[in-house]
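# Chain and residue survey
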Amino acid sequence: MTDNTKMAVVTGANRGIGLEITRQLAGKGWQVAACCRDINQGAAVLKPLQDQGLQIELRKLDVTRSGDCQALVKWLQTGEQQVHALINNAGVLLDNQVDGSADPLQLDPTMAMETFNINTLGALRMIQALAPQLAEGARVVNVSSGMGQLASMGDGYLAYRMSKTALNALTKVMAAKLANIPGGAKIRVNAACPGWVRTGMGGQNADRNVSQGADTIVWLASSDDITTSGGFYRDRKPIDW
Ligand SMILES: NC(=O)c1ccc[n+]([C@@H]2O[C@H](COP(=O)([O-])OP(=O)(O)OC[C@H]3O[C@@H](n4cnc5c(N)ncnc54)[C@H](OP(=O)(O)O)[C@@H]3O)[C@@H](O)[C@H]2O)c1
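Here goes a summary of the coordinates provided. (Residues numbered from 1 in each chain as written. Predicted model: local features only at pLDDT ≥ 70, side-chain atom pairs only at ≥ 80, totals over all residues. Heavy atoms only, no water.)

Of the pockets and cavities examined, the largest pocket occupies roughly 1,100 Å³. Gly91, Val92, Tyr160, Thr199 and Met201 are the residues nearest the centre of the largest pocket, which is lined by 45 residues in total. In terms of residue class, the lining of the largest pocket is made up of 19 nonpolar, 19 polar and 7 charged. (1 Å grid on protein atoms, 1.4 Å probe; cavity = no way out; pocket = protein on both sides within 12 Å on 5 of 7 lines; lining within 4 Å. Points joined across faces, edges and corners; volume = space filled by probe spheres on them. Nonpolar A, V, L, I, M, F, W, Y, C, P; charged D, E, K, R; others polar.)

If a probe as big as a water molecule is rolled over the atoms, it shows which places are left empty. As enumerated under the stated definition, the model contains 1 cavity of 30 Å³ or more in all. There is about 60 Å³ of room inside the largest cavity. Lining the largest cavity we find 13 residues, and of these Asn88, Ala90, Ile118, Asn119 and Ala123 sit closest to its centre. Secondary-structure elements contributing two or more residues to the lining of the largest cavity are α5 (109–119), α6 (121–130) and α7 (158–179). Among the elements that take part in the lining of the largest cavity, α6 stands out by supplying 3 residues, more than any other. Residues that form the lining of the largest cavity fall into these classes: 7 nonpolar, 5 polar and 1 charged. (Helix = DSSP H or I, 4+ residues; strand = E, 2+ residues; numbered from the N terminus.)

Turning our eyes to something else, we now look at the site of the ligand. Around the ligand lies a shell of 28 residues, among which Asn14, Arg15, Tyr160, Val197 and Thr199 are the nearest. A distance of 3.3 Å is found between an oxygen atom of the ligand and a backbone nitrogen or oxygen belonging to Gly91. Note that an oxygen atom of the ligand is positioned 3.5 Å from one of the backbone N or O atoms of Met201. Look at the ligand: alone it shows 900 Å² of surface, and the protein chains cover 93% of it. Applying the majority rule of atoms within 2 Å of the grid points places the ligand in the largest pocket. For the shell around the ligand, the elements supplying multiple residues, two or more each, are α1 (16–27) and α7. When the residues that make up the shell around the ligand are grouped by side-chain class, the tally is 12 nonpolar, 12 polar and 4 charged. (Near = heavy atom within 4 Å. Polar contact = N/O pair within 3.5 Å; in protein donor to acceptor, adjacent residues only side chain to side chain. Areas by Shrake-Rupley, 256 points an atom, 1.4 Å probe, with all protein chains shown as cover. Sits in = over half its atoms within 2 Å of the grid points.)

This is the structure:
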């Protein structure tokens, strides 16, 4: 690794959009800490990319476990490694797995709490843990969803929608907070909707492939064009909250 190699941390890196974000950033010459909750599955999936010479380090991390977040920070500190991009990608859509419906009148609040714990508080744990490791000009990208847009709420998938609306709130608050840390490190925090993407979550009828889904996220993480913070983007353009 050269001194000016940039480091990205990606959660949920073992499949779907997270795996593609990892592949794209590593392809740009970044070092990527690919965080997976199942280390064996992650190792199997990432090996072909590592064999191509991409700088991908597998880390075991479940975003519901603060201890895992702290272990990641310790590993970064041991390597005196700052983080240039944190991609909070890990997420679940549990609404239609419990009773086969996504009816808000049938929503089990326990399932909503589980969704919130992963989709929203997972990003909070990661930002809190990694804030001291963020480099000047670092980016935080929260992978949100159009289903969290207050401007276009439908009537189903209540747990998922609430978790992503709350993730958007977290994005705005952290953008304000991290803009004002001592030393003015110019950290930019934005949210992105990948669109409807063919993954385990999106299903095979989705209209985008993972490359299209990862594009705006990787752009927010790595492009010199990004000068704003506290925005919500799809297809590299701001969208309504
Ligand atoms: N696909 C779409 O159409 C779409 C649309 C809008 C937004 N999004 C968002 O895009 C992100 C990625 O979704 P995807 O479509 O790639 O979904 P996916 O294929 O289902 O992958 C989800 C990833 O999140 C990980 N994950 C789940 N719970 C976790 C936890 N507690 N700790 C760590 N990792 C965890 C999964 O790990 P395991 O393999 O261990 O389960 C997996 O790597 C999500 O935030 C999702 O809400 C997706």
